[in-house]
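Residue strings, one per chain:
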Amino acid sequence: MTQERWRQVSEWPMVAAAVLFLVAYSFQVIANLSEAQSTVVDTIIWVTWLVFALDYAMCLVLARRRAQWFVRNLHELLILALPVLRPLRLLRLVTLLKLLHRTAGNAMRGRILTFVLGSAALLTYCGAIAVLDAEENAAGANITNFGDAIWWAMVTITTVGYGDHYPVTVVGRCVAGGLMVCGIAVLGVVTASVASWLVEQVSSGAAAAATVAEEPMKQEIRRLAEQVERLSALLENADDEPRGSVVGARGDHSPSP
């Protein structure tokens, strides 16, 4: 068993664990379950945490250079250690982004757009769940249901920010800050991809138009080149004929023996 083989084998189980975690966590937050009511949901969440912990341990054990892998994947250890802050548990869904990136297609632009749009949708939903988890039971909160949370996440990630809903807790504001930064990055990539596509389309159209416009000129150049070749051939023949005539004339006036 190698690390690459383990990743291939564990990819879909990890995706299933991430989806199961998202469903359980969403139900817990949206239904606003109390600690006594969320025993089953908490059990599911902790089971998925154990799955993530097993995956991390296996990747570390199977790594060729464990120290180097550990340093380069500190973010995965951080994600694994985040159950203390409930809203930040959603960072475990990076597993879904990895799958989305792998299945986005072969064309570079298609991969970028699919990955970015999928990331934006997942980021919006996770931002809504995270801020609702932090705000729904806080004193003076105005984000107390999923409808308000998803609306707030949409206007925040698009940098519109109407201000009709806003977080009042420290954790909620941290979630808002992260959503703003990620939203600017995601929308910037989408804008750049669309702009690149438009420039490519305009360049292709301009190149086609230039080819059509240059075709008569190319035909005229070919016609002139053919005329030049014919004239050159005629001039060469004209040069050869006088030489033959002179030789013949000299032969006619040569003295008889």
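Placed above this text is the structure.
A few points on the structure.

The rules behind each value
- Residues numbered from 1 in each chain as written.
- Predicted model: local features only at pLDDT ≥ 70, side-chain atom pairs only at ≥ 80, totals over all residues.
- Heavy atoms only, no water.
- Patch = residues over 30% accessible without salt bridge, like charges linked within 9 Å, V, L, I, M, F, W, Y side chains within 5 Å.
- Areas by Shrake-Rupley, 256 points an atom, 1.4 Å probe, with all protein chains shown as cover.
- Salt bridge = Lys/Arg side-chain N within 4 Å of Asp/Glu carboxyl O.
- Helix = DSSP H or I, 4+ residues; strand = E, 2+ residues; numbered from the N terminus.
- Buried < 20%, exposed > 50% of the residue type's maximum accessible area, 1.4 Å probe, protein only.
- Contact = heavy atoms within 4.5 Å.
- Core = buried A, V, L, I, M, F, W, Y, C linked by side-chain atoms within 4.5 Å.
- Axes fitted to C-alpha atoms, helices over the stretch in contact; angles between N-to-C directions.
- Parallel < 35°, antiparallel > 145°, perpendicular 65-115°, else oblique.
- Left-handed = near helix turned anticlockwise from the far one by under 90°.

### Describing a nonpolar patch on the surface
Part 1 of the reasoning: A contiguous nonpolar patch, built from Phe70, Val71 and Leu74 and spanning about 260 Å² of accessible area, is present on the exposed surface.
Part 2 of the reasoning: Take phenylalanine 70: it is sitting in helix H3 (residues 66-72).

### Quick word on the side chain of serine 38
Part 1 of the reasoning: Residue position: serine 38 is located in the loop between helix H1 (3-30) and helix H2 (39-62).
Part 2 of the reasoning: Judged by its relative accessible area of 2%, serine 38 falls in the buried class.
Part 3 of the reasoning: Every residue in contact with serine 38, bar those within four places of it in the chain, is listed here: Gln28 and Leu33.

### Structural notes on the nonpolar core
Part 1 of the reasoning: Ranked by internal contacts, the top residues of the largest apolar core, which has 19 residues, are Tyr25, Ile45, Val131, Ala149 and Trp152.
Part 2 of the reasoning: Put simply, the parts of the chain that give this core at least two residues each are H1, H2, helix H6 (108-135), helix H7 (146-157) and helix H8 (170-252).
Part 3 of the reasoning: At five residues, the largest contribution of residues to this core is made by H6.
Part 4 of the reasoning: Judged by nonpolar contacts, the second largest core, of eleven residues, contains Tyr56, Ala63, Trp69 and Leu80.

### Comments concerning the packing of H1 against H2
Part 1 of the reasoning: Closest axis-to-axis distance for the H1/H2 pair is 9 Å, and the angle between their directions is 160°. The angle between H1 and H2 falls in the class roughly antiparallel. Crossing hand, H1 versus H2: left-handed.

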